[in-house]
Amino acid sequence: MPGDPQLFSPLEIRGLTLDNRIVFGPMATYSAVAGTVGDWHLTHLSRIAAGGSALVFLEAAAISRQGRMFQGAVGIWQDEQIVALRRLTDFLHQQGVAVGLQLTCRGDDMLNLRPWDEPEGDVDPYVANLGIWDMDPAMTEVASDPLAHEYAREDLEELLGIYEQAARRGAEAGFDVLEIHGGRGTIPHAFLSPQDNKRGDEYGGVVESRISFPVQLAEVVRSAWPEDRPLFYRAAPVDSGRVGWRVADSVAFADELQQAGVDVIDLASGASPIAAGDGIVDGAQAATARAIRREVGLPVMVGGGLEGHVDSEAALSDGLGELVALVRPTIWNPNWPLHAADSLGIDPDKAAWQPPYGFALRSLDGDDTSTDD
Ligand SMILES: Cc1cc2nc3c(=O)[nH]c(=O)nc-3n(C[C@H](O)[C@H](O)[C@H](O)COP(=O)(O)O)c2cc1C
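These notes cover the structure that comes with them. Values in this document were obtained by computation on a predicted structure and should not be read as measured data.

1. Topic: the overall build of the chain
Logical step 1: Within the chain, the secondary structure is distributed over 14 helices and 12 strands.
Logical step 2: Expressed as a percentage of its 373 residues, the buried residues of the chain come to 55%.
Logical step 3: Within the chain, contacts between residues at least 6 apart in sequence are counted, and of these 74% link residues at least 24 apart.
Logical step 4: When the accessible area of the chain is evaluated, it comes to approximately 15,600 Å², of which 52% is carbon and sulfur surface.

2. Focus on the packing of aromatic side chains
Logical step 1: On inspection of all chains with the given rule, the structure shows 8 aromatic pairs.
Logical step 2: Between Tyr-233 and Phe-253, the aromatic rings sit 5.3 Å apart at their centres with planes inclined by 85°, giving edge-to-face as the arrangement. Here Tyr-233 is found in strand S9 (residues 231–235), whereas its partner Phe-253 is found in helix H8 (residues 247–259), with 20 residues between them in sequence.
Logical step 3: The exposure class of Tyr-233 is buried, given its relative accessible area of 0%.
Logical step 4: Here Phe-253 falls in the buried class, since its relative accessible area comes to 3%.

3. A look at helix H2 (residues 82–94)
Logical step 1: With 13 residues, H2 ought to run about 18 Å at 1.5 Å a step, and its terminal C-alpha atoms sit 18 Å apart, in line with that.
Logical step 2: Buried within H2 are the following residues: Ile-82, Leu-85, Leu-88, Thr-89 and Leu-92. Looking straight down H2, one finds that the buried residues subtend no more than 125° of arc, so they occupy a single side. More than 90 degrees from the buried face of H2, the exposed residues found are Val-83 and Gln-94.
Logical step 3: Among the structural elements, helix H1 (39–49), strand S6 (74–75), strand S7 (98–104) and helix H4 (153–172) are those in contact with the buried residues of H2.

Criteria and cut-off values
Residues numbered from 1 in each chain as written. Predicted model: local features only at pLDDT ≥ 70, side-chain atom pairs only at ≥ 80, totals over all residues. Heavy atoms only, no water. Helix = DSSP H or I, 4+ residues; strand = E, 2+ residues; numbered from the N terminus. Buried < 20%, exposed > 50% of the residue type's maximum accessible area, 1.4 Å probe, protein only. Contact = heavy atoms within 4.5 Å. Areas by Shrake-Rupley, 256 points an atom, 1.4 Å probe, with all protein chains shown as cover. Phe/Tyr/Trp six-rings, centres within 6.5 Å; stacked < 30°, edge-to-face > 60°. Expected span 1.5 Å × (residues − 1). Arc of directions from axis to C-beta.

Any link to function would need more than the numbers given here.
Below you can see the structure in the form of structure tokens.
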């Protein structure tokens with residue numbers, strides 16, 4: 001590979017230095033009880049952290065009990081949830097990674113089943129799980145995206161306060177990066193498309209008005225999040241086949257988000273069928289990423305369908321972004337970043353591995369003689 005790989009170059013954002021450009025993006029595991037993370041989350045993310053990704057995101061954390069998307073969703077709606085989150089970030093920090101928190105709020109009162117839950121006989125898993133997952137029976141399964149015009153002004157005011165408190169809790173829990181989930185299915189996203197937003201007030205109508213609530217949200221979150229820690233915003237690059245949100249709109253939105261204190265636009269949702277269908281290099285995600293970097297100068301994180309280090313390096317060197325987010329490939333093999341560094345000759349001494357693993361592997365290479373003591 002000509003020149004030094006960009007994938008393994010450090011990146012500074014505010015007070016944070018990432019060792020490389022590889023991010024494990026948020027991935028719901030539907031395993032929290034009453035919104036609280038447990039040993040599963042510690043084990044799951046530790047595997048990833050030991051594998052060499054520089055920044056590891058916890059799955060989406062709901063800012064309110066009613067804002068959860070799925071049964072078993074992680075939450076950050078009360079101070080009591082901070083202790084378990086702090087245990088998680090402390091342990092991951094010991095492994096040398098930065099840890100990200102994604103704040104999310106689903107529109108309606110809804111809690112979908114975990115994707116693998118199926119009825120057993122006559123037992124409806126939704127009803128059976130009410131107690132296990134601390135669900136309110138009134139929260140029903142709703143498949144549609146939220147609609148912006150269903151939120152009264154006082155609901156929106158309240159929502160800003162709830163996000164602010166969640167950001168404060170995230171800081172107290174020790175997270176290094178905060179991300180606002182503005183991808184499909186979330187409240188901020190509902191404001192962007194004229195299809196979802198039929199409001200007659202200052203939050204609806206022309207694009208400048210439709211982006212104003214998500215921008216206000218970013219300002220509020222920024223004010224509650226420490227100045228030296230980066231703020232990301234996950235945005236969907238385009239509508240899913242519906243006309244209404246274009247590359248130029250994403251550019252205008254990113255410009256406003258930058259002024260609100262957002263440091264990175266995360267386009268790695270992979271949630272848009274258009275982006276997914278076209279592939280990362282030629283699709284809407286690529287066009288949006290390039291336009292934001294060129295016209296706004298804001299760093300971008302791309303992902304969705306990247307298969308490993310060759311793809312990821314190509315995405316960076318093709319100018320798509322500063323960071324790559326890989327989720328399913330990292331589940332398949334959490335160690336792929338370490339393997340990539342090895343195959344590129346960047347880490348001949350296995351220094352990037354956790355010390356016990358590095359020691360063991362060097363002894364395999366014959367560099368370390370076992371002392372057996
Ligand atoms: C099981 C699963 C759960 C996910 N949960 C989240 C989530 O909590 N928040 C989010 O923004 N994206 C979520 N995603 C999307 C991923 O962050 C990512 O954008 C997507 O998997 C595409 O990247 P990949 O091809 O590298 O897996 C999830 C994806 C999967 C497969």
